Amino acid sequence: MTIELNNLTLIYDKHPAVHHLSAAIEGGDLLAIVGPNGAGKSTLLNALAGLRTVEQGKITGLNPDDVAYLPQQTQIDRSFPLTVTELVATGLWQRIGFHQSIGNKHQTQCEQAIAAVGLKGFEQRMINTLSGGQMQRVLFARVLLQDRPIVLLDEPFNAIDAQTIADLTRVIQCWHKDQRTVVMVSHDLEYVRQHCPKTLLLAREPIGFGSTQDVLTTDNIKRAQGMVEAFDESAPWCRKEAA
């Protein structure tokens, strides 16, 4: 199913973080959202995940029950006393509920997901003992258990090792081959050029949307950086009606 963004405006800290954005994300797309710091990338992803209110415009074709969301690691409280298996098992909550106990079948599914991301043998490790790369593998395993047709990834490869990036890229490629829709926020333009067929370049407003080769041009990247640097926090709102 196509996800339609229609003249979308989103607010962050009382200012428009994304405005006048219209785009169509086709079912099965592997799409990167890129742009300078402050461009509105994570704000947009949070809106797609249903975690942020749409101020103006609308998002259509998106059922919240179809979405699996991987947040940035900084949003995870790693001091909470959980084992790897216990955290991964939270990916089952949408299906079995918060109060349902984990049976043998679900335990096996957790073990399979943990093995699929290269952490076999870590099932009973506490999450506060994991490295950044290991923790990211755990979060991917949780998304695997969610088993949703739409996967949203917020900076999945920020500050982790090259081997983990390679292993988890293979997981993303499997999702793409399965015709799941994958939308990924990334600051790594070289990674996006190598692995993401489509790109949305943001600078609060859309600079380019389409094939990565066409969007990530030198001129577009310079324009995006200039627009973010020139943004005036005290400027009045610019309102534009949907076409």
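Structure: see above.
Keep in mind that what you see is a predicted model, and the values were worked out from it rather than measured.

Novice: Teacher, can you tell me more about the sheet that holds strand β1 (residues 3–12) here?
Specialist: Strand pairing in a sheet relies on backbone hydrogen bonds, with the paired strands running either antiparallel or parallel. Pairing in this open sheet of three strands is antiparallel, and the strands run β2-β1-β4 from one edge to the other. Bordering the open sheet on either side are β2 (15–25) and β4 (54–60), each of which pairs with just one other strand. Taken pair by pair, the neighbouring strands of this sheet meet at an average axis angle of 15°, ignoring direction. With seven bridges connecting them, β1 and β2 associate as antiparallel partners. Note that in β2 the partner of L5 across the bridge is A23. Strands in contact with helix α1 (residues 41–48) are β1, β2 and β4; relative to β1, the strand with the most contacts, it is inclined by about 120°.

Novice: What is the right way to look at the side chain of D29 in this model?
Specialist: Along the chain, D29 turns up in the loop between β2 and β3 (30–34). With relative accessibility at 9%, the residue D29 sits in the buried group. Engagement of the side chain of D29 in a polar contact is seen with the backbone nitrogen of E26, the distance being 2.9 Å. At 3.2 Å, the side chain of D29 and the side chain of K198 are in polar contact. Sequence-distant contacts of D29, defined by excluding residues within four places in its chain, comprise H176, R180, T181, V182 and K198.

Novice: What is the right way to look at the environment of D219 in this model?
Specialist: For D219, the position within the fold is in helix α9 (residues 218–229). By relative accessible area, D219 is classed as exposed at 61%. The spatial distance from the C-alpha of D219 to the C-alpha of V138 is 38 Å, given a sequence separation of 81 residues.

Novice: For this particular structure, what's the right way to read the packing of helix α4 (residues 104–116) against helix α5 (residues 132–146)?
Specialist: Packed helices, taken two at a time, are described by the angle their axes make and the gap between the axes. Their axes nearest at 8 Å, the elements α4 and α5 cross at an angle of 130°. One finds that α4 runs oblique with respect to α5. Taken as a pair, α4 and α5 cross one another with a handedness that is right-handed. Packed against α4, whose contacting residues are Q109, C110, A113, I114 and A116, the element α5 presents A141, L144 and L145 at the interface. Its residues placed into classes, the contact of α4 with α5 shows seven nonpolar, one polar and no charged.

Novice: Please explain the pairing of β1 as it appears in this structure.
Specialist: Side-chain direction in a regular strand flips from residue to residue, so the side chains alternate between the two faces of the sheet. Across the ten residues that make up β1, a large majority, seven, are buried. Here β1 folds back onto β2 in antiparallel fashion, the turn holding two residues, of which D13 has a positive phi close to 55°. In the sheet, β1 pairs with β4 via five bridges, with the strands oriented antiparallel. Across the sheet, T9 pairs through a bridge with Q56, a residue of β4.

Novice: Would you explain unusual backbone geometry in this entry?
Specialist: Phi at D147 is positive, roughly 55°, even though this residue is not glycine. By the secondary structure assignment, D147 is in the loop between α5 and β6 (150–154). Given the relative accessible area of 40%, D147 is considered partly exposed. Phi at Q179 is positive, roughly 65°, even though this residue is not glycine. Among the secondary structure elements, Q179 is positioned in the loop between α6 (162–177) and β7 (181–185).

What counts and how
- Residues numbered from 1 in each chain as written.
- Predicted model: local features only at pLDDT ≥ 70, side-chain atom pairs only at ≥ 80, totals over all residues.
- Heavy atoms only, no water.
- Pairing = 2+ DSSP bridges.
- Helix = DSSP H or I, 4+ residues; strand = E, 2+ residues; numbered from the N terminus.
- Axes fitted to C-alpha atoms, helices over the stretch in contact; angles between N-to-C directions.
- Contact = heavy atoms within 4.5 Å.
- Buried < 20%, exposed > 50% of the residue type's maximum accessible area, 1.4 Å probe, protein only.
- Polar contact = N/O pair within 3.5 Å; in protein donor to acceptor, adjacent residues only side chain to side chain.
- Parallel < 35°, antiparallel > 145°, perpendicular 65-115°, else oblique.
- Left-handed = near helix turned anticlockwise from the far one by under 90°.
- Nonpolar A, V, L, I, M, F, W, Y, C, P; charged D, E, K, R; others polar.

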